[in-house]
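Here is how the chains run, residue by residue.
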Amino acid sequence: MIPTDNNEILSHVDHTLLAADATSEDILKICNEATVNETASVCIPPSYVSLAKGRFPRLNVCTVIGFPLGYSSTNAKLAEIISAKENGCDEFDMVINISWAKNGAFDKITEEISALKKVVGDKTLKVIVETCYLTEEEKIAVCKSVTDGNADYIKTSTGFGSAGAALADVELFKKHIGNNVKIKASGGVRTREDMEAFLSAGCDRIGTSSAVKALCCEAT
């Protein structure tokens, strides 16, 4: 079923701003947009979590971990999660160590996801696998790592790689993730048609900075 209602689409959107030059004013603007338009969350840099929660305490705040390259140590990623959680963060989008995937070390990826999920606890952990760098075989293997590591979501992309979300990857994920794992598409999802297509394909979340503008919604 294709979602056609603006509010329904927005309820699945992680309204995102991860630009390196994002200012406090920029962050507060998208937090306001997310609040007014009732998006699923606002996804912002870790350094802005406390600001967002201080000004918008009821807003579902998501941040990124090990972003965007994923090759920081597990201990560094854990420290990022602990800090963000102390600042009130509700959701965490971590990047896998892509080098481990290329080396076939999927057991390490599973162990890292599991360790991070234990610290995240009952909050939401999304795992960014950066599909543009993986073969189909590697994508299938990382689906198992995400499932076995007890993550809540598998996420296609950072939006900073060589390509973003692809419908073919969503279809592949659906075949190989566990029943408790949801799918988030991000990277290059800009138009209403894009969002409808990914939601219809089975995504539960869409990471984009374009939803409010694309759906002609305005913050007040």
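You'll find the structure just up there.
Below is a short write-up of the structure. (Residues numbered from 1 in each chain as written. Predicted model: local features only at pLDDT ≥ 70, side-chain atom pairs only at ≥ 80, totals over all residues. Heavy atoms only, no water.)

**Considering the layout of surface pockets**
Phase 1: If you add up the space inside the largest pocket, you get close to 360 Å³.
Phase 2: Along its surface, the largest pocket is lined by 22 residues, and Thr-16, Thr-158, Gly-159, Gly-187 and Ser-209 are the ones closest to its centre.
Phase 3: Contributions of two or more residues to the lining of the largest pocket are made by strand E7 (182–186) and strand E8 (205–208).
Phase 4: Here the residues of the lining of the largest pocket are counted per class, giving seven nonpolar, 12 polar and three charged. (1 Å grid on protein atoms, 1.4 Å probe; cavity = no way out; pocket = protein on both sides within 12 Å on 5 of 7 lines; lining within 4 Å. Points joined across faces, edges and corners; volume = space filled by probe spheres on them. Helix = DSSP H or I, 4+ residues; strand = E, 2+ residues; numbered from the N terminus. Nonpolar A, V, L, I, M, F, W, Y, C, P; charged D, E, K, R; others polar.)

**Describing the sheet that holds E8**
Phase 1: Spatially, eight strands are ordered E1-E2-E3-E4-E5-E6-E7-E8 in a closed barrel, and the strand pairing comes out parallel. Pairwise comparison of adjacent strand axes, ignoring direction, gives a mean angle of 25° for this sheet.
Phase 2: As paired elements, strand E6 (residues 153–155) and E7 share three bridges and run parallel to each other. Counted as the bridge partner of Lys-155 is Lys-184 from E7. (Pairing = 2+ DSSP bridges. Axes fitted to C-alpha atoms, helices over the stretch in contact; angles between N-to-C directions.)

**A word on the packing of aromatic side chains**
Phase 1: Taken as a whole and assessed by the stated rule, the structure comprises one aromatic pair.
Phase 2: Taken together, a centroid distance of 5.2 Å and an interplanar angle of 85° make the contact between Phe-67 and Phe-160 edge-to-face. Residue Phe-67 is located in the loop between strand E3 (61–65) and helix H4 (74–86), and its partner Phe-160 is located in the loop between E6 and helix H8 (167–176); the two are separated by 93 residues in the primary sequence.
Phase 3: In this structure Phe-160 comes out as partly exposed when scored by relative accessible area, which is 47%.
Phase 4: Here the basic side chain of Lys-126 rests over the ring of Tyr-153, its NZ or CZ set 5.9 Å away from the ring centre. (Phe/Tyr/Trp six-rings, centres within 6.5 Å; stacked < 30°, edge-to-face > 60°. Buried < 20%, exposed > 50% of the residue type's maximum accessible area, 1.4 Å probe, protein only. Lys NZ or Arg CZ within 6 Å of the ring centre and 35° of its normal.)

**Topic: the packing of H4 against helix H6 (residues 106–120)**
Phase 1: Put simply, H4 and H6 touch, their axes get as near as 10 Å, and they point 20° apart. Considering their axes alone, H4 and H6 lie roughly parallel with respect to each other. Judged by the sense of rotation from one axis to the other, the crossing of H4 with H6 is right-handed. Facing H4, whose interface residues are Thr-74, Lys-77, Leu-78, Ile-81, Ile-82 and Lys-85, H6 presents Glu-112, Ala-115, Leu-116, Val-119 and Val-120.
Phase 2: In the contact of H4 with H6, the residues fall into seven nonpolar, one polar and three charged. (Parallel < 35°, antiparallel > 145°, perpendicular 65-115°, else oblique. Left-handed = near helix turned anticlockwise from the far one by under 90°. Contact = heavy atoms within 4.5 Å.)

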